[in-house]
Amino acid sequence: GQQVMQIPQYQHVQEGEDFTTYCNSSTTLSNIQWYKQRPGGHPVFLIQLVKSGEVKKQKRLTFQFGEAKKNSSLHITATQTTDVGTYFCAGISGNTPLVFGKGTRLSVIA
Amino acid sequence: ETGVTQTPRHLVMGMTNKKSLKCEQHLGHNAMYWYKQSAKKPLELMFVYNFKEQTENNSVPSRFSPECPNSSHLFLHLHTLQPEDSALYLCASSQGSEHPGEKLFFGSGTQLSVL
């Protein structure tokens, strides 16, 4: 079945450093979504990408969807302590429900 | 705050107990979901209800029994669980359609411990 791999599993950065998490699918995706889960919280929708090669920005966050629609990345510029949490990608292929990656847990050291 | 409310927030139960998790959404959505979140595993989809019809059952053991009486309410009935069923159970909702891929609104989850 469809698999979504996400790396790295953990990332520790100094406040102010950049951070990137990568998502790869075993199948071509119709769209990809990103969620953030704060410690002790629940996943919260961040963004959805649909088009091949699409790039979207939300303040310091930049989301990319690969040309082949099989990979995606989330880049955070100049991390802040409020960025702490686990970032999940979730992909859709065909009519299957969302498949989530394992997530990347981000720690930011002040 | 997300419009999806789950109760209880925490639950401890023995393997012979019967309990139910409740989810209610106030967003006017027509699709509701149960996910299981365990440590070191991806979010696992358990059940999907779209317009009150169950459309997904991801090979979930029969000790988990979902119920969707209307598009605003979703239950997960639990009986004779195993310790490995201990996890965070998340409810989510979305607008609902024949085409998956809508964004999900999650509740705060029920942290379940099976002793």
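It should be noted that the structure appears before, not after, this text.
Presented here is an overview of the structure given in this document. Worth saying up front: this structure is predicted, and the values here are computed from it rather than measured.

Brief notes about the nonpolar core
So, point 1. Ranked by size, the top nonpolar core spans 22 residues in total, and within it W34, F64, L76 and L78 of chain B carry the most contacts.
So, point 2. Counting residues per element, the ones that place at least two in this core are strand 2 (10-13), strand 3 (18-25), strand 4 (31-37), strand 5 (44-50), strand 7 (64-70), strand 8 (73-79), strand 9 (87-94) and strand 11 (110-114) of chain B.
So, point 3. Counting 19 residues, the second largest nonpolar core, distinct from the first, contains C23, F63, F65 and C89 of chain A.

Comments concerning the packing of aromatic side chains
All names here are of chain A.
So, point 1. Applying the stated criterion across every chain, the model contains 11 aromatic pairs over all chains.
So, point 2. Ring centres 6.4 Å apart and planes at 80° place the aromatic pair F88 and F100 in the edge-to-face group. Here the residue F88 occupies a position in strand 9 (residues 85-92), and F100 occupies one in strand 10 (residues 99-100), the gap between them amounting to 12 residues. For the residue pair F88 and F100, the accessibility class agrees, reading buried in each case.

Some remarks on the sheet that holds strand 1 (residues 4-7) of chain A
Residues and elements named next belong to chain A.
So, point 1. In space, the five strands of this open sheet follow the order 1-3-8-7-6, with antiparallel pairing throughout. The open sheet has two edge strands, strand 1 and strand 6 (55-58), and neither has a second partner. Each strand axis lies, on average, 15° off the axis of its neighbour in the sheet, ignoring direction.
So, point 2. Summarising the sheet, strand 3 (residues 19-25) and strand 8 (residues 71-76) pair through six bridges and their orientation is antiparallel. Its bridge partner lying in strand 8, Y22 is registered against S73.

Basis of the calculations
- Residues numbered from 1 in each chain as written.
- Chains lettered and ligands numbered in written order.
- Predicted model: local features only at pLDDT ≥ 70, side-chain atom pairs only at ≥ 80, totals over all residues.
- Heavy atoms only, no water.
- Core = buried A, V, L, I, M, F, W, Y, C linked by side-chain atoms within 4.5 Å.
- Buried < 20%, exposed > 50% of the residue type's maximum accessible area, 1.4 Å probe, protein only.
- Helix = DSSP H or I, 4+ residues; strand = E, 2+ residues; numbered from the N terminus.
- Phe/Tyr/Trp six-rings, centres within 6.5 Å; stacked < 30°, edge-to-face > 60°.
- Pairing = 2+ DSSP bridges.
- Axes fitted to C-alpha atoms, helices over the stretch in contact; angles between N-to-C directions.

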